[in-house]
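Notes for the structure review
Single-letter residue listing:
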Amino acid sequence: MSDNSPRGEFPGRFLSPEYTAYVKAWEEKIASFIQFEPALGEASLREARAGEPSSEASAASSIKEDRDHAAALIKGLPFAVKDNIAVRGFSLSCGSRLLEGLASPYTATAVQRLERSGCQVVGKTNLDEFGMGSSTDNSGIQKTNNPWDTSRVSGGSSGGSAAAVAAGLVPFALGSDTGGSVRQPASFCGVVGLKPGYGAVSRYGLVAYASSLEGIGILADSVARARAVFALMRGGDPLDQTSLDAPPESPRLYGEKKESRVIGVLSAQAIARALAAAADEAGASGDKALAIAAQAASLEPPVERAFALARERLTALGHTLKDIEIPGLKYGVPAYYTIAAAEASANLARFDGIRYGRRPPWAENPDDLIDKTRDTGFGSEVKLRILLGTFVLRSGFQDRYYLRAQRIRSGIRKEFESFLGSAAGKGPFDAILMPVFPTRAFGRGEAGLSPFAQKAADLYTCCANLAGLPALSFPANNEEGLPVGVQLLGRAFSEGTLLDIAEGYEAAHPFARPEGYKAFWP
Ligand code: GLN
């Protein structure tokens, strides 16, 4: 990219004293940033633009055209990055006390590609420790409040990024989505959340939690912005062997838009039926936990209303909506947590105070050093998942848990493929419309959700990760003062189609902003 794009506008235009004061005023209320340091981002941007890219995105002509188009739309904009994605010189705490104060020695590929297009990192955002949670309250560093109602959570685990975008502190931010961590906070905060298909964006520089499920995603103030960011970040990267380019025949990001799509709908009734079946099974087996889980996943009335409205509006926009059922969904949460915990227990083994992590001041011997590091450094949710992960992987038991979860995972993928098709060929539907989460942003304490209920409620988001499919959450409506999102899932590499549908919706029903919101960018 040429060097005469308008970086000269930095820091004058967007990083003015007025902007800094605006950020400060909001931050006192929401605490979305762990670190806000635009000057550091300017240095990183200059370095990225001056140096050789550590990896270059592919040069297939259609992808390159899309990228050039996107760069013209968003160059010069500031953005925020979840604090589990590396940006050289910035914090990389992962929301953990164990890594607090760590400065990253390198920059993630996705971030570097944005910087090379002239976008500047202004800071690192809060998250549930290592991405484990649905509220950002599992952060070992701070709690982030929802800009719509500061007594409520911003969602999680990318709650800092979602809150920063919702309050207008940045036009877009990066997050990571392992089981819903981009889409759920997007829904809670009234912004757009894109989880690209597995491998579409390089994971190089994303601190691993559950490698086979997760990816870097986007939180943005509009669908057009999410599209541009995705166009710049995507594509194979030699530094991540699971990343790959979109095949040339996949939907273009900037091409002609098809007005009318066939959308499968997982209706509230279908959900209720699946949950009732699960509760029956639970009743027959006397398993109380399963019954509570089914209850926790049922939609609260405002969410059901917003979902029905989204369906009506999409029909009015000319799409054909047809009910579908996805029976395998009811096994999604147990499969997701089995696989995620197993992978987490392996991925987090490096945080031992020797290779990484803050050491205790004193230890008897190396084992004691590791024990003390983890005991004081990790929060209780992280400890729980490491224990669960080692439990499901212990020798002689893999068949019973881990391999069974993998079979469920294949089954869910096949169910989705029967509707959407796969890379090999299209299915009868272009997309599937689903709720994102059964509740709106919840409160804390009495008004909150138990850790168990939060996990059960991941039902609607975790299936896209199990199947590796792209999914896009966007605001459907505001219900009683709080935003409610819905999500669209598509076949591999169909992000363009999902973005087209959501952009049409946004044009007809512009997204609301919280009180006190001010936009500093076009
Ligand atoms: N709530 C899910 C979990 O706690 C999602 C996390 C994520 O996507 N990082 O695992």
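This text goes with the structure placed above it.
Residues numbered from 1 in each chain as written. Predicted model: local features only at pLDDT ≥ 70, side-chain atom pairs only at ≥ 80, totals over all residues. Heavy atoms only, no water.

1. Topic: the overall build of the chain
Which entries qualify depends on this criterion: Comment: elements are numbered from the N terminus, with helices defined as DSSP H or I runs of at least four residues and strands as E runs of at least two. It is over C-alpha atoms that the radius of gyration is taken, and the globule rule equals 2.2 Å times the number of residues to the power 0.38. Accessible area is worked out with a 1.4 Å probe on protein chains only. A residue is then buried under 20% of its type maximum, exposed over 50%, and partly exposed in between. Whether two residues are in contact is decided by their heavy atoms, any of which lying within 4.5 Å being enough. For every accessible area listed, the method is Shrake-Rupley and the probe measures 1.4 Å; residues are considered covered only by the protein chains on display. Lys and Arg are tallied as positive, Asp and Glu as negative. Neither His nor the chain termini are counted. Where a charge lies is defined by one atom per residue type: Lys uses NZ, Arg uses CZ, Asp uses CG and Glu uses CD.
When helices and strands are counted, the chain shows 17 helices and 15 strands. A compact globule built from 522 residues would reach a C-alpha radius of gyration of about 24 Å, and the chain, at 22 Å, matches this within 12%. With the C-alpha coordinates aligned to their principal axes, the bounding extent of the chain is approximately 70 × 65 × 45 Å. Buried residues in the chain amount to 59% of all 522 residues. Considering only contacts within the chain whose residues lie at least 6 apart along the sequence, 78% involve residues at least 24 apart. When the accessible surface of the chain is totalled, it reaches about 19500 Å², and 54% of it is carbon and sulfur. For the chain, the separation between the mean place of its 56 positive charges and that of its 58 negative charges on side chains is 1 Å.

2. Notes on the nonpolar core
So the rule is basically this: For this analysis, a nonpolar core means a set of buried residues of the types Ala, Val, Leu, Ile, Met, Phe, Trp, Tyr and Cys, connected via side-chain atoms within 4.5 Å.
By size, the foremost hydrophobic cluster in this structure holds 137 residues, and its most contacted members are L114, L174 and F416. One finds V153, F437, A441 and A457 within the second-largest nonpolar core, a separate group that totals seven residues.

3. A short note on helix α7 (residues 223–233)
Burial analysis of α7 places 10 of its 11 residues in the buried class, the great majority of the element. Turning to α7, its buried residues number three or more, namely V223, R225, A226, R227, A228, V229, F230, A231, L232 and M233. In this structure, the buried side of α7 is in contact with α3 (61–74), α4 (109–116), β6 (172–177), β7 (192–195), β8 (215–220) and α17 (495–508). Directly after α7, the chain includes G235, whose backbone phi takes a positive value near 110°.

4. Focus on the site of the ligand
Under the convention used in this document: Any residue with a non-hydrogen atom lying within 4 Å of a molecule or strand is treated as near it. Counted as a polar contact is a pair of N or O atoms within 3.5 Å, where, for protein atoms, one must be capable of donating a hydrogen and the other of accepting one, and residues adjacent in sequence contribute only when both atoms are in side chains. Three categories are distinguished: nonpolar for Ala, Val, Leu, Ile, Met, Phe, Trp, Tyr, Cys and Pro, charged for Asp, Glu, Lys and Arg, and polar for the others, with Gly belonging to the last.
Residues in close proximity to the ligand total 15 residues, the closest being G131, T178, G179, S181 and Y336. Here S134 contributes a side-chain N or O atom positioned 2.9 Å from a nitrogen atom of the ligand. Side-chain polar atom of Y337 to an oxygen atom of the ligand: 3.4 Å apart, as the coordinates give it. The protein chains hide 99% of the 290 Å² of surface that the ligand would expose on its own. Of the residues assigned to the shell around the ligand, the class counts are four nonpolar, eight polar and three charged.

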